[in-house]
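# Secondary and tertiary structure notes
So the chains spell out like this:
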Amino acid sequence: MNGIDLRSDTVTRPTPEMRRAMYDAEVADGGLEGDPTTKKLEELAAERLGTEAALLVASGSMGNLVAALAHCAPGDAMIVGERSHMAWSADQGKGHSTYGRIGVRRLPENPDGKLGIEDIGLSMAAESEGESRVALVNMENTHNQSDGTPIDPAWTASFAEGVHDRGAVLHIDGARLFNAAVALDVPASALVADADSATFCLSKGLACPIGGIVAGSSDYIAEVHNRRKIVGGEMRQTGVISAAGIVALNSMVDRMADDHANARRLAEGLAQISGISIEPERVTTNILYFKLSDRTPEEVEQSLAEEGVHCFALDGRIRMVTHHHITPEDIETALGAVQRVMQSDAGAAHA
Ligand SMILES: *Cc1c(COP(=O)(O)O)cnc(C)c1O
């Protein structure tokens, strides 16, 4: 797509360095002797997350699915935030209940994306009334729909303690875990230290073409590997993908600070435009949402697309996401386009 593409960080294309690494990658059959480049990526990912082991998966969604399948027995339940990606996946019939007969209980998050441990306790107490056992609690970091808010290690530690005290395990859907690490200036390992498993996406802000990682203990990852086979995820010469992942973990993490600065600048500019409501100080990673007072998000999405600025209208708001291909100049250009669209919309409204 031409123009300035703020729809998602999934639109990022592999860098020249990644393409060279992919070309040169040493590969072998991942289902037979194992792929050497993928082994290297998995070791590097485990090291970055401070876990014993890690496993390449085809996508973040596959990662969250096989992670839950390995934690839960059929008939168990898991808790998700109602505004989380995993709740959305479940609503689309993509996964947990379909493949694992895992019940999905949705609890409301706070505006910052955090779940309340008391709500979880109440939901789990329902077990005594004959409901299924809650084996797993999932949290999202960064929390996509909550302005991409990063969730800090101290809160995660106390939350994990509450989850463990109640006899469940904690999984972190860290599709954008490295954005959280960069925004909070902590190692990614600190964000997952108290969890039982975590996933992250290689194909979002890290700019790889394909892939995700599930991380955890060696025994657990062996279980996840079995579940990956069951869903058809025993890929073969995966070194081609993994080579890009190694480049990403070595060279695409620190630069995310630029994406965060661009998102904040965009939010500050948007806040100056009449008809737009946004709190720029809430924008600390690469995702922002804003509301419109007079126009529908769908109309504005369409008008902006005609100006060459692409974004998504999502549940009553507009979402914009910065990433590797978005420059500070693009931010100023995008702001100019939003200004023009909002002015002409205001004119149309009065006509
Ligand atoms: C994108 C996303 C996923 C799914 O990742 P895919 O690689 O697109 O399957 C999961 N969780 C969150 C929070 C996401 O934003």
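Remember, it's a predicted structure, so these values are computed and weren't measured experimentally.

Now for the sheet that holds strand β13 (residues 317–321). Taken in spatial order, the four strands line up as β9-β10-β13-β12 in an open sheet, and their pairing is antiparallel. Looking along the sheet, the strands with just one partner apiece sit at the ends: β9 (276–277) and β12 (312–314). Examined bridge by bridge, β9 and strand β10 (residues 287–292) share two bridges and lie antiparallel to one another. Within β10, the residue paired with S277 across the bridge is K291. Packing of helix α13 (residues 297–306) onto the sheet brings it into contact with β10, β12 and β13, and relative to β13 it is tilted by some 40°.

Counting 52 residues, the largest nonpolar core has L49, V137, F159, F178, F200 and L206 as its most contacted members. For this core, the element with the highest residue contribution is helix α11 (residues 239–251), accounting for six residues. Formed by 27 residues, the second largest nonpolar core is a distinct cluster that contains L6, I276, C311 and M342.

By nearness alone, every residue bordering the ligand is listed as S59, G60, S61, N64, H85, E140, N144, D173, A175, R176, C201 and K204. With three residues, the top contributor of residues to the shell around the ligand is helix α3 (residues 60–71). Class assignment of the residues belonging to the shell around the ligand gives a composition of two nonpolar, six polar and four charged.

Each domain of the protein chain was delimited in the assignment, giving domain 1 (13–251) and domain 2 (255–350). Here the C-alpha centre of domain 2 lies 29 Å away from the C-alpha centre of domain 1. Buried area between domain 1 and domain 2, both sides added, is near 1,600 Å², and the carbon and sulfur share of it is 47%. Of all residues in domain 1, Q145, D147 and N179 bury the most surface against domain 2, accounting for 36% of the area lost on that side. Viewed at the interface, domain 2 and domain 1 are joined by one salt bridge. A salt bridge links D147 to R282; the nearest nitrogen and oxygen atoms lie 2.7 Å apart. In this assembly, domain 1 and domain 2 are joined by eight residue pairs in polar contact (both at pLDDT 80 or more). In terms of residues, the side of domain 1 that touches domain 2 owes the most to one element, helix α8 (residues 177–184), which gives four residues. Here the residues of the side of domain 1 that touches domain 2 are counted per class, giving six nonpolar, 10 polar and three charged.

When you line up the elements, A244 lands in helix α11. C-alpha of A244 to C-alpha of L69: the two residues are 175 residues apart in sequence and 27 Å apart in space. Beyond its immediate chain neighbours, meaning those up to four positions away, A244 contacts M18, M22, C208 and P209.

Another aspect to go through is the sheet that holds strand β8 (residues 212–216). Remark on secondary structure: sheet strands pair via backbone hydrogen bonds, oriented parallel or antiparallel. Judged by pairing direction, the sheet is mixed, and its seven strands sit side by side in the order β2-β8-β7-β6-β5-β3-β4 without closing on themselves. Edge positions in the sheet fall to β2 (53–57) and β4 (103–107), since each has one partner strand and no second. Averaged over all pairs of adjacent strands, the angle between strand axes in this sheet comes to 20°, irrespective of strand direction. Pairing geometry for β2 and β8, over five bridges, is antiparallel.

This part covers the pattern of salt bridges. This model, assessed by the stated rule, comprises 15 salt bridges. Across the salt bridge formed by R255 and D259, the nearest N and O atoms sit 2.6 Å from each other. A relative accessible area of 16% means that R255 is categorised as buried. For D259, a relative accessible area of 0% puts it in the buried group.

What follows covers the packing of aromatic side chains. Applying the stated criterion across every chain yields a total of two aromatic pairs. When the centroid spacing of 4.7 Å and the interplanar angle of 15° are considered together, the rings of W155 and F159 count as stacked. Highlighted residues: W155 and F159, both in helix α7 (residues 153–165), separated by four residues, approximately one helical turn. When the ring of F178 is compared with that of F200, the centres are 5.0 Å apart and the planes differ by 85°; the resulting orientation is edge-to-face. Here F178 is found in helix α8, whereas its partner F200 is found in strand β7 (residues 197–201), with 22 residues between them in sequence. On the basis of relative accessible area, F178 is assigned to the buried category, the value being 6%. According to the relative accessible area criterion, F200 is buried, its value standing at 1%. Against the face of Y289 rests R317, its NZ or CZ located 3.9 Å from the ring centre.

The rules behind each value
- Residues numbered from 1 in each chain as written.
- Predicted model: local features only at pLDDT ≥ 70, side-chain atom pairs only at ≥ 80, totals over all residues.
- Heavy atoms only, no water.
- Pairing = 2+ DSSP bridges.
- Helix = DSSP H or I, 4+ residues; strand = E, 2+ residues; numbered from the N terminus.
- Contact = heavy atoms within 4.5 Å.
- Axes fitted to C-alpha atoms, helices over the stretch in contact; angles between N-to-C directions.
- Core = buried A, V, L, I, M, F, W, Y, C linked by side-chain atoms within 4.5 Å.
- Buried < 20%, exposed > 50% of the residue type's maximum accessible area, 1.4 Å probe, protein only.
- Near = heavy atom within 4 Å.
- Nonpolar A, V, L, I, M, F, W, Y, C, P; charged D, E, K, R; others polar.
- Domains from an automatic or database assignment.
- Buried area = accessible area lost by both parts, 1.4 Å probe.
- Salt bridge = Lys/Arg side-chain N within 4 Å of Asp/Glu carboxyl O.
- Polar contact = N/O pair within 3.5 Å; in protein donor to acceptor, adjacent residues only side chain to side chain.
- Phe/Tyr/Trp six-rings, centres within 6.5 Å; stacked < 30°, edge-to-face > 60°.
- Lys NZ or Arg CZ within 6 Å of the ring centre and 35° of its normal.

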